[in-house]
Amino acid sequence: RTIALLCALGGLASAAAGAVLGKDALLARYYILRLRSADQAIRLEAADRLAELKSVAAVPHLIEIIRKDGREGAFYSCRLADRASERWASFTPVAHALFRIGEGALPQLRPLTECACEGRSGSNGGASEVDPRVWGALRQIREAIESNLWAEWLTYREYEHQRPKPRRGWLW
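Fair warning: this is a prediction, and the values are worked out from it, not measured in the lab. (Residues numbered from 1 in each chain as written. Predicted model: local features only at pLDDT ≥ 70, side-chain atom pairs only at ≥ 80, totals over all residues. Heavy atoms only, no water.)

Regarding the overall build of the chain
A tally of regular secondary structure across the chain gives seven helices and three strands. Listing the helices and strands of the chain from first to last along the sequence gives α-α-α-β-β-α-α-α-β-α. Partitioning the contacts of the chain with sequence separation of at least 6, the portion at a separation of at least 24 is 65%. Entry remark: accessible area of the chain is about 11000 Å², with carbon and sulfur atoms responsible for 57%. (Helix = DSSP H or I, 4+ residues; strand = E, 2+ residues; numbered from the N terminus. Contact = heavy atoms within 4.5 Å. Areas by Shrake-Rupley, 256 points an atom, 1.4 Å probe, with all protein chains shown as cover.)

Let's talk about the nonpolar core
If you look at the biggest cluster of nonpolar residues, it comprises 37 residues, and the most contacted ones within it are Leu62, Ile66, Phe91, Leu98, Leu109, Leu138 and Ile141. Taken together, the elements giving at least two residues each to this core come down to α1 (2-34), α2 (40-53), α3 (59-68), β1 (74-81), β2 (84-91), α4 (93-101), α5 (106-116) and α6 (132-146). For Ile141, the contacting residues outside a window of four places in its chain are Ile66, Phe91, Ala95, Leu98, Phe99 and Leu109. (Core = buried A, V, L, I, M, F, W, Y, C linked by side-chain atoms within 4.5 Å. Buried < 20%, exposed > 50% of the residue type's maximum accessible area, 1.4 Å probe, protein only.)

As for the confidence of the model for the chain
In this model, the chain carries an average pLDDT of 78, and 70% of its residues clear a pLDDT of 70 or more. Low pLDDT, under 50, characterises residues 118-127; the predicted model gives this stretch 17 contacts beyond four residues in sequence or across chains. In the predicted structure, residues 167-172 sits below a pLDDT of 50 and forms one contact with residues beyond four places in sequence or in another chain. (pLDDT = per-residue confidence, 0-100.)

Focus on the packing of α4 against α6
Relative orientation of the contacting elements α4 and α6 amounts to 35 degrees, with a least axis distance of 9 Å. Note that α4 runs across α6; the crossing there is right-handed. Within the contact between the two elements, α4 uses Ala95, Leu98 and Phe99 and α6 uses Leu138, Ile141, Ala144 and Ile145. (Axes fitted to C-alpha atoms, helices over the stretch in contact; angles between N-to-C directions. Left-handed = near helix turned anticlockwise from the far one by under 90°.)

Considerations on the pattern of salt bridges
Applying the stated criterion across every chain, the model contains 11 salt bridges. The salt bridge partner of Arg67 is Glu64, with a shortest N-O separation of 3.7 Å. Of this pair, Arg67 and Glu64 both sit in helix α3, three residues apart, which is roughly one turn of the helix. What makes Arg67 partly exposed here is its relative accessible area of 36%. Residues Glu64 and Lys68 are paired through a salt bridge, measuring 3.9 Å at the closest nitrogen-oxygen approach. One end of the pair is Glu64 and the other is Lys68, both in helix α3 and four residues apart, which spans about a single turn. Each of Glu45, Asp48, Arg49, Glu52 and Arg100 takes part in one network of salt bridges that share partners. (Salt bridge = Lys/Arg side-chain N within 4 Å of Asp/Glu carboxyl O.)

A few points about α3
Buried residues of α3: Val59, Leu62, Ile63, Ile65 and Ile66, and no others. The buried residues of α3 occupy an angular sector of 155 degrees when the element is viewed end-on, so they sit on one face. (Arc of directions from axis to C-beta.)

Comments concerning the packing of aromatic side chains
Overall, the coordinates contain two aromatic pairs when judged by the stated rule. For the ring pair Phe91 and Phe99, a centre distance of 5.2 Å and an interplane angle of 35 degrees mean the geometry is tilted. (Phe/Tyr/Trp six-rings, centres within 6.5 Å; stacked < 30°, edge-to-face > 60°.)

Some points on the environment of Glu146
For Glu146, the location among the structural elements is in helix α6. By relative accessible area, which is 38% here, Glu146 ends up partly exposed. In sequence terms Glu146 and Glu103 are 43 residues apart; their C-alpha atoms lie 7.5 Å from each other. When near neighbours in sequence (up to four residues on either side) are disregarded, Glu146 contacts Leu106 and Arg110.

Some points on unusual backbone geometry
At Lys54, a residue that is not glycine, the phi angle is positive and equals roughly 55 degrees. Structurally, the position occupied by Lys54 is in the loop between α2 and α3.

This is the structure we're talking about:
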């Protein structure tokens, strides 16, 4: 009887541990599904939750949203303060979520940003063209993660207002 009780308690303990350890994976799956919602607020909340979970499984889905949504992007800002240059990154909501996942996202970001500099995507052997906006955003996210930059989150309206505009003229 004691052995049966100990086996039952051991089984319950391992089931409870499995439930706790698998909780983040289940939550990540749930929020990845919510990234497909037609409602922007639901998509942005899901991206935020996936960033909190540091879900590496969400990285390809977030990259796909950045590819499809023309409002997504990133840029660096710099200012002089007390004779030292401060540099930080500004991201739109989904780009910021990808940044917050951190180093776990780098294995999937590096091939896209290294091969894309030649104008080709690394995902299918270099056969397809890459949108320069997408490549630039992914590259800046990767560089911000690698260099531990401070990053700020901007709404789409703030991003459009603050991002540097392309300069035209004889020097550019």
